[in-house]
Amino acid sequence: MNKFFKVSFLGLALSAVVLLSSCSDDPALPDNLANFQSDTQGLAASETDLTVNLTFVRAVDVAGNLVIDFTPTGVEYGTDFTTDPAAVNNSITIPVAAGATSASFKVTKTNTTGLQGDEKIVFTLQTVADGLLLGDKKTFTLSFSEIIASSATVNVDGGGATYPNHVFIDFSGNRQTAVARNTWDLGFASAGDQFRVVLNSANNMLVRAIDKNDLTTVTAADTTGFAAQLSVGAIFGIIATEDPSDYPSWLNQTTTWMDDPKGDLTKTAIASVSATDSENKVYIVNRGNGPGSTALGWKKIRVIRNGANYTLQHADIGSSTFQTLTITKNSAARFQFASLASNSVVNVEPNVGDWDIEWTAFTNAIPTGGPTDPYIPYAYQDMIVSNVSTVSTAQVLTSVSSYEAFNEASLASITLNNNNQILIGSSWRSTGPPPAPIGQKTDRFYVVKDGAGNVYKVQFTALTTNGERGKPQLKFDLVKKGS
């Protein structure tokens, strides 16, 4: 077994010992606090509604209600805006089901003319369900104009230790959008003349082309041996149990079955979709694993062009028929997303200018340390992916500048780039193995420039919340406002 994985296994073993010994005591759970996810947000002139989110430290035990009162300034309920659930006497009651970890309500702008931009609504969380307590963020201000957030702390809504969500964060809007990672399988490049398809990296999907271009002729015989190869878990099993001298020759191919981790669309696992139908091969797809390592199953797919758009063909491996789905490009978004499970186009990423970074599970490529040093796909957690379509990033070590001292003048000393979507990646946290610490790294922070020219400094302040992975924290401050 190579050195990398020997160290990793030792770390896992020691972590298990610590975990087991800590279970002998049954510590009291921390208070279950209810907080607004943000303290202020704005509605741009082009937006008509906004979903306001509240989060809980953990799932509630029994069903109940949240009561939120609001005070409008310059706008009137029913004339200029409404809420869902509907308000009664400037008060909203939100039902909370047992097991819920969050709640939300929607504000809809019904008057789009005559607003001056200084109108606002202040919402105050007044009453919480049994088992919940009021947190520090119990007020939220909605401005009827676009805001450029100057600073904030963010409790990332990753969903917990099974990493069920993608979370897209927009610094200038002080917003985060959580989307269940099982929502989709394939993303279709949506802008310009690119015809590329990406995989749901969060679920460790892998695909492999076969020399056929008709789904109906593909059978289980075409996938013989794939189960032992086309799987992140199976690949890791080989590295973990076999001597490097015994690695199979196909191991060198495994990173061609995944997308380029840096986000280079010329290096997707699925080849560029050709205008000539006969050149578009069938791919065998391992949909990977969802939260909690739930196997999502295998499919066969084929993608062809449909004018300026796409047609997706897909079926179970042994099926003699297949389903089709049309995917229409939309220049406002990087990708259009499709679910093989529901045969539908689904919403995942916000529009291209409406997010800066994404927190997610991820499939990365790592070296094995074998004699030919092959790289293999490997499952990562707590990865930060940058929106390289509009965003540039840089890392700054605190030995060069402290977070507090970094200002607009400091920008001259750094180089921002957008050629690597995982420039932040996992570099912000350490997960061992012991004796290395587990948590966020305190010796660095990041600079992020968004598509509007706003420059922010960003520092991760926690890997966990109350010891639970999948709920990291960060803070950001505006360094330079865009012109």
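Our subject is the structure listed above.
Here's what I pulled together on the structure shown here. Within each chain, residues carry numbers counting from 1 in the order of the written sequence. In view of the model being predicted, local features appear only for residues whose pLDDT reaches at least 70, and side-chain atom pairs are presented and counted only at 80 or more, with totals across whole chains, interfaces and linings using the full set of residues. Remark: hydrogens and water are excluded; side-chain values derive from all non-hydrogen atoms of the structure.

## Thoughts on the sheet that holds strand β16 (residues 206-210)
Line of reasoning, step 1. Whether two strands pair comes down to DSSP finding at least two bridges between them. Only DSSP runs of H or I reaching four residues or more are called helices, and only runs of E reaching two or more are called strands; each is numbered from the N terminus. Read across the open sheet, the 5 strands follow the order β16-β17-β20-β21-β22; overall the sheet is antiparallel. Two strands lie at the open edges of the sheet, namely β16 and β22 (323-327), each paired on one side alone. Between one strand axis and the next, the sheet turns by 30 degrees as a mean value, whatever way the strands run.
Line of reasoning, step 2. Bridge analysis of β16 against strand β17 (residues 282-286) gives 5 bridges, and the strand direction is antiparallel. When the bridges of β17 are listed, leucine 206 appears paired with asparagine 286. All axes are obtained by fitting lines to C-alpha atoms, using only the stretch in contact for helices, and the reported angles, taken between N-to-C directions, cover 0 to 180 degrees.

## Some thoughts on the pattern of salt bridges
Charged atoms that come close allow side chains of opposite charge to pair.
Line of reasoning, step 1. Salt bridges are defined by distance alone: a side-chain nitrogen of Lys or Arg within 4 Å of a carboxyl oxygen of Asp or Glu. For the structure shown, the criterion picks out 9 salt bridges.
Line of reasoning, step 2. The partner of aspartate 185 in a salt bridge is arginine 287, with the nearest N and O atoms 2.9 Å apart. Linking aspartate 185 in the loop between β13 (175-180) and β14 (186-189) with arginine 287 in the loop between β17 and β18 (289-290), this pair joins segments that are 102 residues apart in sequence. Each member of the pair aspartate 185 and arginine 287 is classed as buried.
Line of reasoning, step 3. Between lysine 281 and aspartate 211 there is a salt bridge; the shortest N-O distance is 3.0 Å. One end of the pair, lysine 281, is in the loop between α2 (232-241) and β17; the other, aspartate 211, is in the loop between β16 and α2, with 70 residues separating them in the sequence.
Line of reasoning, step 4. Burial here depends on accessible area, computed with a 1.4 Å probe over protein chains only, as a share of the maximum for the residue type. Under 20% is buried, over 50% is exposed, and the range in between is partly exposed. Using a relative accessible area of 29% as the deciding quantity, one classes lysine 281 as partly exposed.
Line of reasoning, step 5. Look at aspartate 211 and you get exposed, because its relative accessible area is 68%.

## Details of the side chain of glutamine 176
Line of reasoning, step 1. Along the chain, glutamine 176 turns up in strand β13.
Line of reasoning, step 2. You can call glutamine 176 buried: its relative accessible area is 7%.
Line of reasoning, step 3. A 3.5 Å cut-off defines polar contacts: any pair of N or O atoms within that distance qualifies, except that in protein one atom must be a possible hydrogen donor and the other a possible acceptor, and neighbouring residues in sequence count only when both atoms are side-chain atoms. A polar contact is formed between the side chain of glutamine 176 and the backbone oxygen of asparagine 155, at a distance of 2.9 Å.
Line of reasoning, step 4. In terms of polar contacts, glutamine 176 uses its side chain to reach the backbone amide nitrogen of aspartate 157, at 2.9 Å.

## Comments concerning the nonpolar core
As a rule of thumb, soluble globular proteins bury nonpolar side chains together.
Line of reasoning, step 1. Nonpolar cores are built from buried Ala, Val, Leu, Ile, Met, Phe, Trp, Tyr and Cys residues. Side-chain atoms within 4.5 Å join them into one set. Counting residues in each nonpolar core, the largest one holds 31 residues, and the members touching the most others are Leu186, Phe188, Val197, Ile270, Ile301, Tyr310 and Leu312.
Line of reasoning, step 2. For this core, the secondary structure elements donating two or more residues are β14, β15 (197-199), β17, β20 (298-306), β21 (309-315), β22 and β23 (335-339).
Line of reasoning, step 3. Not counting the four nearest positions on each side in its chain, phenylalanine 188 is found in contact with Arg196, Val197, Val303, Tyr310, Leu312, Ile327, Arg334, Phe335, Gln336 and Ala338.
Line of reasoning, step 4. One finds Phe81, Ile94, Ala103 and Phe123 within the second-largest nonpolar core, a separate group that totals 30 residues. Whether two residues are in contact is decided by their heavy atoms: any pair within 4.5 Å suffices.

## So, the packing of aromatic side chains
Line of reasoning, step 1. Any pair of Phe, Tyr and Trp rings, taking the six-membered ring for Trp, is counted once the centres come within 6.5 Å. Such a pair is stacked with planes under 30 degrees apart, edge-to-face with planes over 60 apart, and tilted for the rest. Per the counting criterion, the structure on display carries 24 aromatic pairs.
Line of reasoning, step 2. With a centroid separation of 5.4 Å and 80 degrees between ring planes, the pair formed by tyrosine 456 and phenylalanine 476 is classed as edge-to-face. Residue tyrosine 456 is located in strand β31 (residues 455-462), and its partner phenylalanine 476 is located in strand β32 (residues 473-480); the two are separated by 20 residues in the primary sequence.
Line of reasoning, step 3. Among the residues examined, phenylalanine 476 registers a relative accessible area of 1% and is labelled buried.
Line of reasoning, step 4. Following the ring pairs from residue to residue traces out a cluster consisting of Phe36, Phe70, Tyr77, Phe81, Phe105, Phe123, Phe140 and Phe144.

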